[in-house]
Amino acid sequence: MGTSNGQPQLRLHGGVDMPALGFGVYQTPPEQTADAVATAIADGYRLIDTAAAYMNEREVGEAIAASGVDRDDLFVTTKLWVSDYGYDTALAACEASLRKLGLDQIDLYLLHQPVPSDLDLHVATWRAAEQLLADGKVRAVGVSNHTPPQLRRLIERTEVVPAVNQVEVHPYFVQRQLREVHEELGVVTQAWSPLGGVKRYWGPDDPDETQDPLQHPTILGLADTYGKTPAQVMLRWHIDHGFCAIPKSTRPERIAENIDIFDFALNADEVAAIDALDTGERGGPDPEVDHPEWFDVKIPD
Ligand code: A2P
């Protein structure tokens with residue numbers, strides 16, 4: 001793990017460096033996205049993670065253009081939505097994302113979802129990702145929400161191994177087995193919902209500690225030990241594991257809080273104590289189940 005700007009960087013295979021902490025904009029409404037991303041960049045975030053399906057790529061691009069930060073110092077991830085899967089459609093969708101983002105090149109381009117029952121479509125789409133990499137439209141290619149069998153099937157049929165698998169990871173869903181497969185294959189683990197937000201998005205308004213790891217006594221105890229907040233302890237757990245984490249917030253004070261994690265570290269016992277909070281239950285959809293309705297979500301130009 002190297003550092004840049006005092007922040008750890010993860011080396012992707014193929015040689016590209018990716019900041020270990022990024023800023024996510026899933027569920028950030030377009031009208032709040034440019035401000036949130038501008039705040040994040042001003043606070044020192046250098047990785048911005050969006051997706052065609054978040055419908056806010058244009059606003060992410062606006063904030064990047066206005067930031068005054070060199071393009072080379074920013075790392076921009078976006079994702080291909082399933083309704084654009086297929087070789088030609090994927091190439092066209094990447095062009096559309098580049099146009100909306102106002103960029104010549106995407107740093108990391110992810111296949112947003114696996115396609116559980118259509119391996120040919122999955123492979124054809126990955127071939128397009130390989131072409132985009134060869135053409136320099138993207139600097140690295142990866143996937144999201146893939147299980148070990150889905151990763152292995154794709155790798156068996158294609159040339160380029162995904163650099164990243166972006167999946168649900170937080171203290172209540174630690175993905176031990178998937179992470180072992182990532183290590184074996186040289187795939188970087190990128191955590192979406194690193195604060196366990198997904199456990200709360202569709203739950204009660206007033207979640208208790210069973211839905212909210214931010215309230216768990218182990219996390220609260222470590223926050224007390226280090227004089228940090230529960231969110232900072234959880235984000236540090238990701239960094240100390242060697243993951244990339246992309247917390248989302250629209251609130252300036254939390255955006256600042258979530259990057260203020262580079263002045264402390266958890267020891268191995270503390271990391272293990274958080275690992276032990278695993279419930280084995282994901283908050284997001286099961287990646288092995290087909291979601292035909294997702295193909296009805298079309299990405300507007
Ligand atoms: P908000 O955008 O209102 O700040 P995750 O990235 O794990 O899905 O978590 C995102 C959720 O957690 C969002 O609901 C976000 O709400 C909230 N959140 C983000 N940062 C913090 C923080 N530092 N403390 C508490 N809640 C946070």
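Our subject in this report is the structure included herewith. (Residues numbered from 1 in each chain as written. Predicted model: local features only at pLDDT ≥ 70, side-chain atom pairs only at ≥ 80, totals over all residues. Heavy atoms only, no water.)

**Quick look at empty space enclosed by the protein**
Where empty space is left can be seen by rolling a probe of water-molecule size over the atoms.
Item 1. Under the counting rule described, the total for this entry stands at 1 cavity of 30 Å³ or more.
Item 2. Taken as a whole, the largest cavity spans an internal volume of roughly 80 Å³.
Item 3. Residues of the lining of the largest cavity, tallied by class, amount to 8 nonpolar, 2 polar and 2 charged. (1 Å grid on protein atoms, 1.4 Å probe; cavity = no way out; pocket = protein on both sides within 12 Å on 5 of 7 lines; lining within 4 Å. Points joined across faces, edges and corners; volume = space filled by probe spheres on them. Nonpolar A, V, L, I, M, F, W, Y, C, P; charged D, E, K, R; others polar.)

**Brief notes about the sheet that holds strand E9 (residues 164-168)**
Item 1. The 8 strands lie next to each other as E4-E5-E6-E7-E8-E9-E10-E11, forming an open sheet whose pairing is parallel. On the outer flanks of this sheet lie strand E4 (23-24) and strand E11 (244-245), each paired with one strand and no other.
Item 2. Pairing analysis gives 5 bridges linking E9 to strand E10 (residues 188-192), with the strands arranged parallel. Bridging across to E10, valine 167 finds its partner in alanine 191. (Pairing = 2+ DSSP bridges. Helix = DSSP H or I, 4+ residues; strand = E, 2+ residues; numbered from the N terminus.)

**Some points on the sheet that holds strand E3 (residues 17-19)**
Item 1. With respect to topology, 3 strands assemble into an open sheet ordered E1-E2-E3, the strand pairing being antiparallel. Only two strands of the sheet have a single partner each, and these edge strands are strand E1 (2-4) and E3. Averaged over all pairs of adjacent strands, the angle between strand axes in this sheet comes to 45 degrees, irrespective of strand direction.
Item 2. Bridge count for strand E2 (residues 7-11) against E3 is 3 bridges, and the pairing is antiparallel. Residue leucine 10 lies in a different strand from E3, and its bridge partner there is methionine 18. (Axes fitted to C-alpha atoms, helices over the stretch in contact; angles between N-to-C directions.)

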